[in-house]
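# Coordinates in review
If you want the building blocks of each chain, they are given just below.
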Amino acid sequence: MNLDTVLHPVLAAAAEHAPAVDADGRFPAEAVSALAASGLLGLTLPEPEGGLGGGPQEFAQVTAALAEACGSTAMVYLMHISAAMTVMSAPPPGAPSLLSGMADGRMLATLAFSEPGSRSHFWAPLSQAKRDGGPDAQFTADKSWVTSAGHAQLYVTSVQSADEPGTVDLYAIEADRPGVSVTGSFLGLGLRGNASAPMRFEVSVPDTARLGEAGSGLARMTETVMPWFNLGNAAVSLGLASAALQAAVRHTMSATLQHTGQTLAELPTIRARLAQTSLRLEAANAYLAAAAASMAAPDEQTPLYVLGVKALANDTALAVTDDAMRVCGGAAFSHHLAIERYFRDARAGHVMAPTADVLYDFYGKAITGQPVFG
C-alpha cells in the first residue's frame, strides 16, 4: 500500500474546499467522498473485512496529513476510525455487514459519548438503558458534540447498562433507526465543518446491537476508544501546527521590509522564534511517532503514551500556531495565509474530551501509582 499515492486525491479535495468549509461552516462532503473512494475509511480494518490492514502508524500519518489540508476533514476521519475500531473490538452479531460497510466507504461512523450533564467526562454517561419486559433495551440519550451529526450512517453510543447496574454499555446504532435525530447545529470557533452537533437517541435496540458483553463499555472506552482517539487527536493537532509553521516560514521568507530591503526571515528575532517553534514541533512529532509505535507493539509504557500523546500535542499546537501568528503579524490575522484558520482549529483539541488537563491528571496518577480512574 503506497499511502502517498492513495492520499494524493483526498488531500487535493480537502485542501481545495477547506476555505469554504471553514467560511460557511459546512460539512466537508467532497473530502469525505474522496476518503470513501480511496479506501482510507477502512485504513485500520483488517483485509478480510475489506480494509487496508493498516495500524497506528499509518493512521497517525494519514490523519496528520489530512489536518494540514483541512482540520474539519481530519476530525471527521479521526472519529470514524475511532468508531470503526470500537466496533472491530466486538462486532455485533446482529449486523455482520457493519465492518465491511465502514471499510469500503459505504458507511461513515462516529462516536456519540459526551452528554450535557457529565460534559467532558465521556466515560460517565447519565442516560440509562432499561428493559420493559421485552427483549430489547430502551433508552433516551441526549448527546452533545457528536462529530458528523446527521452525516454519519453509524453512531457508537454509550448508556448506563440495563443489565449490570453501575456499568456502561456501548451500542452500534444506525442512522436510519427510528428515534435517531439531530437536535441542534454547530457554530464554533474552529473545526467549523465537522458538524459537531447535539443528537438524541430515543431508541429501542436489541442485544445484538451491543458491542461486547453487558457492562463492558468502560473497558472498551479505555482500552480501544481512548488509544485510537488520543493518537488521532494528537495527529490532528500536530498536522495543524505543521501547516501553520510551514505557512509562517514561507511568509517570512517572502515578505520584505522595503525601507531596509530585508525579508522578515532576515530579522534575528523572527529567525530565533521560528527555530524554537520548529524544534518544539519536531519534539512533539517524535513523541507521536513513539506513541504510535508503542500502540503497534504494546508494552508496559504504552498506557503512558496513550495518556500523554494527546495532551502534549494539544499544547504544542497551541504554542506553534500562536508563534506562527506572532511572526507573521497582521498578515496572519487576515485570511490569505490560512494561519488564522489553523490557529482557531488548533484550539479545539485542548478542550476535547478527554481534555488536556484531565489527561495530565491521569498521567500524574499513573506515574505516582494511583488508580487512573479512581
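Residues numbered from 1 in each chain as written. Predicted model: local features only at pLDDT ≥ 70, side-chain atom pairs only at ≥ 80, totals over all residues. Heavy atoms only, no water.

## Focus on the pairing of strand 5 (residues 168–174)
Counting buried positions along strand 5 yields six of seven residues, so the element is predominantly enclosed. One ladder, built from seven bridges, connects strand 4 (residues 154–160) with strand 5; its direction is antiparallel. Residue pairing for strand 5: Thr157 is matched across the bridge by Tyr171. (Buried < 20%, exposed > 50% of the residue type's maximum accessible area, 1.4 Å probe, protein only. Helix = DSSP H or I, 4+ residues; strand = E, 2+ residues; numbered from the N terminus. Pairing = 2+ DSSP bridges.)

## Overview of the packing of aromatic side chains
This structure, assessed with the given rule, holds nine aromatic pairs. Where Phe59 meets Tyr77, the ring centres are 6.3 Å apart and the plane angle is 45 degrees; that geometry is what we call tilted. Taken together, the residues Phe59 in helix 3 (residues 56–69) and Tyr77 in helix 4 (residues 71–89) connect sequence positions 18 residues apart. Taken individually, Phe59 and Tyr77 each receive the classification buried, so the pair is uniform in this respect. Ring centres 5.6 Å apart and planes at 55 degrees place the aromatic pair Trp123 and Phe362 in the tilted group. Of this pair, Trp123 sits in the loop between strand 1 (109–112) and strand 2 (130–131) while Phe362 sits in helix 11 (residues 356–367), and the two are 239 residues apart along the sequence. An aromatic cluster is present here, built from Phe113, Phe122, Trp123 and Phe362 joined pairwise through their rings. (Phe/Tyr/Trp six-rings, centres within 6.5 Å; stacked < 30°, edge-to-face > 60°.)

## Topic: the pattern of salt bridges
With the rule as written, the count across this model stands at 13 salt bridges. In this structure, the salt-bridge partner of Glu115 is Lys143, at a minimum N-O distance of 2.8 Å. Placement of the pair is Glu115 in the loop between strand 1 and strand 2 and Lys143 in strand 3 (residues 137–146), with a sequence separation of 28 residues. The class of Glu115 is buried, set by a relative accessible area of 4%. Of the residues examined, Lys143 reaches a relative accessible area of 2% and is grouped as buried. (Salt bridge = Lys/Arg side-chain N within 4 Å of Asp/Glu carboxyl O.)

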